[in-house]
Amino acid sequence: MRFSVVETGYDQRQVDSCLDELGIRLTRLAARAEVAAGAGREWDQIRQEATLLRGLVDRQGVPTDGGALAARRDASAVEREAAEILAQARSELDAAREEARQVRERVYAEAMQARREFEAALHERRRREARVDRILAGLPGEAVPADTPTAAASTGGVPATRVATGTSEVSVERPEPGTRVA
């Protein structure tokens, strides 16, 4: 999982999209696990029914013909098949649980990494904010004396002052009344 870093942390749409995708995947895994568990219950019921049928055959006694023997073999085969299917279902359930565990661990690790990165970015932002506050408060900078000439004063774009010209008076010519100023 990679998220774009924005001014206040991570892009919320990307984080929401990632969480939605993880939710969908976990829901699918849970459904697969439920199906596997359901299949296991069905096969348990089939096995119980086969056991009951076998018990009925055993209680009626063993006839001398091969019919009862064949019925026992069939019941035994059903029992073996049910056991195999149950074992397969349990194996699939275990695999689904393991996959879900791995997904949870990976998501947790990625969330922790995202949190560490967010906290580092937040710490850096607060550090920069504190630095700006110190600069604006005038702590690390030097005060500029009021009589220091500025670049604007030396270009002729701003009228000279007594301090900038080094004289005590400033000559300003005024036009005579009634004349035009070009």
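Quantities reported herein were computed from a predicted structural model and do not represent experimental measurements.

Caption draft 1: Highlighting the overall build of the chain. Of the regular secondary structure elements, the chain holds four helices and two strands. Seen in sequence order, the chain has helices and strands lined up from the N terminus as β-β-α-α-α-α. Here the chain holds 182 residues, and the buried ones make up 13% of them. Of the contacts formed within the chain by residues at least 6 apart in sequence, a portion of 62% connects residues at least 24 apart. With an accessible surface of roughly 14,900 Å², the chain has 54% of that area assigned to carbon and sulfur atoms.

Caption draft 2: Inspection of the environment of F118 at higher detail. Looking at the element boundaries, F118 is found in helix 2 (residues 67–137). The class for F118 is partly exposed, based on a relative accessible area of 31%. The sequence separation of F118 and V5 amounts to 113 residues, and the corresponding C-alpha distance is 8.4 Å. Residues in contact with F118, not counting those within four places in the same chain, are T8, G9 and Y10.

Caption draft 3: Inspection of the environment of Q88 at higher detail. Mapping Q88 onto the fold places it in helix 2. Linking Q88 and A36, residues 52 residues apart in sequence, is a C-alpha distance of 8.9 Å.

Caption draft 4: Focus on the nonpolar core. By size, the foremost hydrophobic cluster in this structure holds six residues: C18, L22, L29, A100, V103 and V107. Mapped by element, the contributors of at least two residues to this core are helix 1 (12–59) and helix 2. Among all residues touching V103, those that are not within four sequence positions of it are R25, L26 and L29.

Caption draft 5: How the structure looks around the confidence of the model for the chain. Across the chain, the average pLDDT comes to 75, with 69% of residues at 70 or higher. When pLDDT is averaged over each element of the chain, helix 2 comes out on top at 85 and helix 4 (residues 162–165) at the bottom at 52.

Caption draft 6: The pattern of salt bridges, seen in detail. Enumeration according to the criterion identifies six salt bridges in this entry. The closest approach of N and O atoms between R32 and E99, which form a salt bridge, is 3.9 Å. A residue pair is termed long-range when its members are at least 10 positions apart, and R32 in helix 1 and E99 in helix 2 qualify at 67 residues. When the shortest N-O distance is used, the salt bridge between E124 and R128 registers 3.9 Å. Here E124 pairs with R128, and both are found in helix 2, just four residues apart, close to one helical turn. Using a relative accessible area of 27% as the deciding quantity, one classes E124 as partly exposed. On the accessibility criterion, R128 (46% relative accessible area) is partly exposed.

Caption draft 7: Quick peek at the environment of R125. You can see R125 is positioned in helix 2. Owing to a relative accessible area of 36%, R125 belongs among the partly exposed residues under this scheme. A sequence separation of 118 residues divides R125 from E7, and the C-alpha atoms of the two residues are 8.8 Å apart.

Cut-offs and rules
- Residues numbered from 1 in each chain as written.
- Predicted model: local features only at pLDDT ≥ 70, side-chain atom pairs only at ≥ 80, totals over all residues.
- Heavy atoms only, no water.
- Helix = DSSP H or I, 4+ residues; strand = E, 2+ residues; numbered from the N terminus.
- Buried < 20%, exposed > 50% of the residue type's maximum accessible area, 1.4 Å probe, protein only.
- Contact = heavy atoms within 4.5 Å.
- Areas by Shrake-Rupley, 256 points an atom, 1.4 Å probe, with all protein chains shown as cover.
- Core = buried A, V, L, I, M, F, W, Y, C linked by side-chain atoms within 4.5 Å.
- pLDDT = per-residue confidence, 0-100.
- Salt bridge = Lys/Arg side-chain N within 4 Å of Asp/Glu carboxyl O.

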